[in-house]
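Fold and geometry: a report
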Amino acid sequence: MTTPVLSIRNLSVEIPTRGGVVKPVDGVSYDIAKGEILGVVGESGAGKSMAGNAVIGLLNPPAHISAGEIWLNGTRIDPLQGEAMRRLRGKEIGMIFQDPLTSLNPLLTIGDQLAETILTHLPVSRSEAEKRAVAALEEVGIPGAAERIDSYPHEFSGGMRQRVVIALALCAEPSLVIADEPTTALDVSVQAQIIALLKRLCRERGTAVMLITHDMGVIAETADRVAVMYAGRLAELGDVRDVLTAPQHPYTHGLMASTPLASLGQRRLHQIPGSMPRLTQMPDGCAFHPRCPQAQDKCRQAPSPDLADGRASCWFPMMAEAAE
Amino acid sequence: MNAYVSVKALTRIFDVSKPWLNRIIERRQKAFLTAVSEVDFQIEERTTYALVGESGSGKSTIGRMLVGLLRPSDGEVEVEGVNLATETNADKVAEVRSNIQMIFQDPYASLNPRWRVRDIIAEPVAARGGETEGLAERLLQQVGLHASDAGKYPHEFSGGQRQRICIARALASEPKLIVCDEPTSALDVSVQAQVLNLMSDLKDDLGLTYLLITHDLTVVRHMADRIGVLYLGRLVEEADPKVLFETPKHPYTQMLLDAAPRTDGFGREVEPSQGEIPDPINPPSGCAFHPRCPIATDLCRCDRPVQRKIGDTVVACHHAT
């Protein structure tokens, strides 16, 4: 078995607050292989973005990694600080954020921004970097790339800006791309274009992708495997088709059932009662038990089991025949 | 069945010109943005009419004109047979107005953070001098919260609970029509299901009529009785949900349905359509969709298609069959 591109082991992130320490990410482990797209899905506050930020070293203090290890291509990267992390960021790990307007510098032309990234990370001359910048823009499907290289971000539409951001993330040829809600700010038709682009580029280059989103449809169409997060913990991890069609964790099951498509023709949607607990008021035992239809005493007392010996972090996983 | 809301040739043009001095110095013309262009539709009583479209399609502008937050540039909106923009009888206007309420997208921005929930909910009634004793408590229970929540402030609630408070406020004046502008777009999936179920229940219990404005096709399919698809301020197709989703007639509707990600679309490879919504200040000639349309001809580039009826579907396309 080859080493995975990214390997996260028991990662925990803590934020000290006046009301005590909260854990937005709590003992999360997953791997991403070369050329694989791992979908990380969950509702707001589930810790999915926080885990991505921990990998690329962009946690805002006082948030910090309190336990666990992050390995990138066989090298441990979580202890890296300052300059060492900066060299890794952009070179080995590319990042695509939700809002393309705020992730581009409005005062620099997109050509300058691309060339700067290339020059920082690759041993090439200025003119070679500019040539590569044009090539990168062509690759992400920006028409007239050679002319538009001197344009500023505000001269592009939302979809085109997100293409520029993808070009920026991929121009130093990273082995891992973290895409944090890359299409949430975009319209449906543009979203389809961006998703198709991301899939094509990663397949061609063998880039590993961590796709963070709340949209189950995007996950189903894009990801190879999916990690479902709830209240900072991994609820379920597995092949996307298995997890989405035959979920074992009651939370995944509820999430899938509450999408309007699943209840097509029914008058009412399936609903999960309540909402995700606040980080300061985490229940004892399994974090999902107050909302879980099949919670038992064990769930209220013991924290949910680790994923190591199963697909779902649940004391009573739903088996195919039990799930409707 | 009679039409509760009737919208005829509704048009809204915004003046987006630069200030006059800039126009003289930079030798620029006045610029106008046509947000809504000759839209017709009717909403039957006790039904849900959904307007779908991408950003810039004018769906929110129509909603705002319906509740009277914006005045139409041309055309008319009739609610209960009264044209609110031109009616001169103030009593009549006030009566119809009190039957219309609105729910906004962002439950964080649409509640005054300095007011208690009780005052927020009672305000639509208090503003007209009505009796508000116990009103907030009763409505809170109706939307699935506790009566004791009335003394709290908005920040003490989660997003889904806040949207319930917004719904309670909209119900306070006992409206007949509620305009819901992206009511669940800011909410998570599991909370969205709760709010949509609440909206369906209230519609049945209170006999409400909804205008649902959203970009989410799955929500529309679940909630709507009739759907209007907007593109660049024009109504391109109107049909019942089953018909629209199974046999979309307009190429834009087809594209939209094709592009929407599906939870059962494992490994689906879509060939996405090219291009984006054009600039509404300089819309394309003829049919606004022609630059992106796979079946566009010269006719589409010159003539704007009129609405035609095909079966139960109303479609504005030269080539739809």
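Residues numbered from 1 in each chain as written. Chains lettered and ligands numbered in written order. Predicted model: local features only at pLDDT ≥ 70, side-chain atom pairs only at ≥ 80, totals over all residues.

Some thoughts on the pairing of strand β3 (residues 37–41) of chain A
Residue and element names in this part refer to chain A. In terms of burial, β3 is a largely internal element, 5 of the 5 residues being buried. Bridge analysis of β3 against strand β8 (residues 208–213) gives 5 bridges, and the strand direction is parallel. For V40, the partnering residue across the bridge sits in β8 and is I212. The pairing of β3 with strand β9 (residues 225–230) spans 4 bridges and is classified as parallel. Pairing of G39 across the sheet is with V226, part of β9. (Buried ≥ 20, exposed ≤ 12 C-beta atoms within 10 Å, placed from the backbone. Helix = DSSP H or I, 4+ residues; strand = E, 2+ residues; numbered from the N terminus. Pairing = 2+ DSSP bridges.)

Examining the sheet that holds strand β2 (residues 20–32) of chain A
Residue and element names in this part refer to chain A. Taken together, the 4 strands give an open sheet; going across it, the order is β2-β1-β4-β5, and neighbouring strands pair in antiparallel fashion. Edge positions in the open sheet fall to β2 and β5 (75–76), since each of these has one partner strand only. One ladder, built from 2 bridges, connects strand β4 (residues 64–72) with β5; its direction is antiparallel. Bridging from a neighbouring strand, W71 pairs with R76 of β5.

Structural notes on the environment of F289 of chain B
Residues and elements named next belong to chain B. Tracing the backbone shows F289 in the loop between α10 (251–259) and α11 (298–302). On the neighbour-count criterion, F289 (24 C-beta atoms within 10 Å) is buried. As a C-alpha pair, F289 and H250 span 39 residues in sequence and 10.0 Å in three-dimensional space.

So, helix α4 (residues 117–126) of chain B
Where α4 of chain B is concerned, the buried positions are V117, R118, I120, I121, A122 and P124 of chain B. Packing partners of the buried residues in α4 of chain B comprise α5 (135–142) and α6 (159–172) of chain B. (Contact = placed C-beta atoms within 7 Å.)

So, the packing of α6 of chain B against helix α7 (residues 189–206) of chain B
Residues and elements named next belong to chain B. It is at 9 Å that the axes of α6 and α7 come closest, and there the two elements cross at 15°. Classified by the angle their axes make, α6 and α7 are roughly parallel. Every pair of crossing elements has a handedness; the one defined by α6 and α7 is right-handed. Between α6 and α7, the contacting residues are G159, G160, Q163, R164 and I167 on the first element and V191, Q194, V195 and L198 on the second. Of the residues belonging to the contact of α6 with α7, the class tally is 4 nonpolar, 4 polar and 1 charged. (Axes fitted to C-alpha atoms, helices over the stretch in contact; angles between N-to-C directions. Parallel < 35°, antiparallel > 145°, perpendicular 65-115°, else oblique. Left-handed = near helix turned anticlockwise from the far one by under 90°. Nonpolar A, V, L, I, M, F, W, Y, C, P; charged D, E, K, R; others polar.)

Some details on the sheet that holds strand β6 (residues 93–96) of chain A
Strands belonging to one sheet form pairs held by backbone hydrogen bonds; the direction of such a pair is parallel or antiparallel. Residues and elements named next belong to chain A. Strands sit in the order β6-β7-β8-β3-β9-β10 across an open sheet of 6 strands; the sheet is mixed. For this open sheet the edge positions go to β6 and β10 (233–239), each flanked by a neighbour on one side alone. For this sheet, the mean angle separating the axes of adjacent strands, direction not counted, is 15°. Summarising the sheet, strand β7 (residues 176–180) and β8 pair through 5 bridges and their orientation is parallel.

Let's talk about the domain arrangement of chain A
Residue and element names in this part refer to chain A. Domain parsing of chain A yields domain 1 (6–92 + 174–323) and domain 2 (106–173). Counting residues at the interface gives 14 residues for domain 1 and 14 residues for domain 2. With 7 residues, helix α7 (residues 188–205) is the largest single contributor of residues to the side of domain 1 that touches domain 2. (Domains from an automatic or database assignment.)

Describing the interface of chain B and chain A
Between chain B and chain A, the residue contacts involve 33 residues of the former and 36 residues of the latter. Elements represented by at least two residues in the side of chain B that touches chain A include exactly α7, α8 (217–223) and α10 of chain B. Here the side of chain B that touches chain A takes 8 residues from α7 of chain B, the largest share from any one element. Grouping the amino acids of the side of chain B that touches chain A by side-chain chemistry returns 13 nonpolar, 13 polar and 7 charged.

Examining the pairing of strand β9 (residues 226–231) of chain B
Residues and elements named next belong to chain B. With 5 of its 6 residues buried, β9 lies for the most part within the structure. Judged from the 4 bridges that link them, strand β3 (residues 48–52) and β9 form a sheet pairing that is parallel. From the neighbouring strand, L51 faces β9, where its bridge partner is G228. For β9 and strand β10 (residues 234–239), the ladder comprises 5 bridges, and the chain directions are antiparallel. Each bridged residue has a counterpart across the sheet, and for G228 the counterpart in β10 is E238. Here β9 folds back onto β10, and the loop between the two strands holds 2 residues, one of which, L232, carries a positive phi near 50°.

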